[in-house]
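# Structural features, examined
For reference, the chains in residue letters:
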Amino acid sequence: MVDFFLNNLGVIKNISLFLFSAVALAGLVYVYVKIFILAKKIPKINKEIETKQKELDGKVIDGIRGCYEITLGDPHGEEERSKKRIEQEIERLKRKKTCFLEEISIYKIFKK
């Protein structure tokens, strides 16, 4: 048994080097693909944040324009709830973007 390993040590070394390099290559490909996918998602999230921010700004501006009118107001608080919902969506998108950026930085650290 020992003679078999000693006689075939070069073959065993070559096979193990091939397997190690194949696993390392697969890992690097996975990291690069993951970084690429996450980097593609960030601009989409930025556009969503910008859209929601414009919607919120429009509601605030409409609220300012309406302050010169005499109205009974919003008895059920729909306008405030709508503003709060949009603010929470913006915060959720910002957190999601931050998580993606952290994942990219972690993958870049492991890549080195």
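Because the structure is a prediction, the values reported are computed rather than measured.

Looking now at the side chain of S82. Considering the arrangement of structural elements, one finds S82 in helix α3 (residues 78-111). One polar contact links S82 to K59, side chain to side chain, over a distance of 3.3 Å.

Moving on: the side chain of K83. Secondary-structure assignment places K83 in helix α3. Residue contacts for K83: discarding those within four places in its chain leaves L56, K59 and V60.

Residues L25, V29, V33, F36 and I37 make up a contiguous nonpolar surface patch of about 470 Å² in total accessible area. The residue V29 is located in helix α2 (residues 9-65) in this model.

With that settled, the discussion passes to a negative patch on the surface. A cluster of acidic side chains, namely E79, E80, E87 and E91, defines a negative patch on the protein surface. With respect to the element layout, E80 can be found in helix α3. Judged by its relative accessible area of 53%, E80 is exposed.

Below, the discussion takes up the confidence of the model for the chain. Taken residue by residue, the chain gives an average pLDDT of 81. The fraction at 70 or more is 80%. Across the chain, α2 holds the top mean pLDDT of 87, while helix α1 (residues 2-7) sits lowest at 74.

Tallied over the entire structure, the rule returns three salt bridges. A salt bridge links K54 to E50; its shortest N-O distance comes to 3.4 Å. On the criterion of helical spacing, the pair formed by K54 and E50 is a turn pair, its members being four residues apart in helix α2. Classification of K54 as exposed rests on a relative accessible area of 56%. Here E89 makes a salt bridge to R85, at a shortest N to O gap of 3.1 Å. Placement of both E89 and R85 in helix α3 is noted, with a separation of four residues, approximately one turn of the helix. According to the relative accessible area criterion, E89 is buried, its value standing at 19%. Through salt bridges that share partners, K52, R85 and E89 make up one connected network.

What counts as what
- Residues numbered from 1 in each chain as written.
- Predicted model: local features only at pLDDT ≥ 70, side-chain atom pairs only at ≥ 80, totals over all residues.
- Heavy atoms only, no water.
- Helix = DSSP H or I, 4+ residues; strand = E, 2+ residues; numbered from the N terminus.
- Polar contact = N/O pair within 3.5 Å; in protein donor to acceptor, adjacent residues only side chain to side chain.
- Contact = heavy atoms within 4.5 Å.
- Patch = residues over 30% accessible without salt bridge, like charges linked within 9 Å, V, L, I, M, F, W, Y side chains within 5 Å.
- Areas by Shrake-Rupley, 256 points an atom, 1.4 Å probe, with all protein chains shown as cover.
- Salt bridge = Lys/Arg side-chain N within 4 Å of Asp/Glu carboxyl O.
- Lys, Arg positive; Asp, Glu negative; His and termini not counted.
- Charge placed at Lys NZ, Arg CZ, Asp CG, Glu CD.
- Buried < 20%, exposed > 50% of the residue type's maximum accessible area, 1.4 Å probe, protein only.
- pLDDT = per-residue confidence, 0-100.

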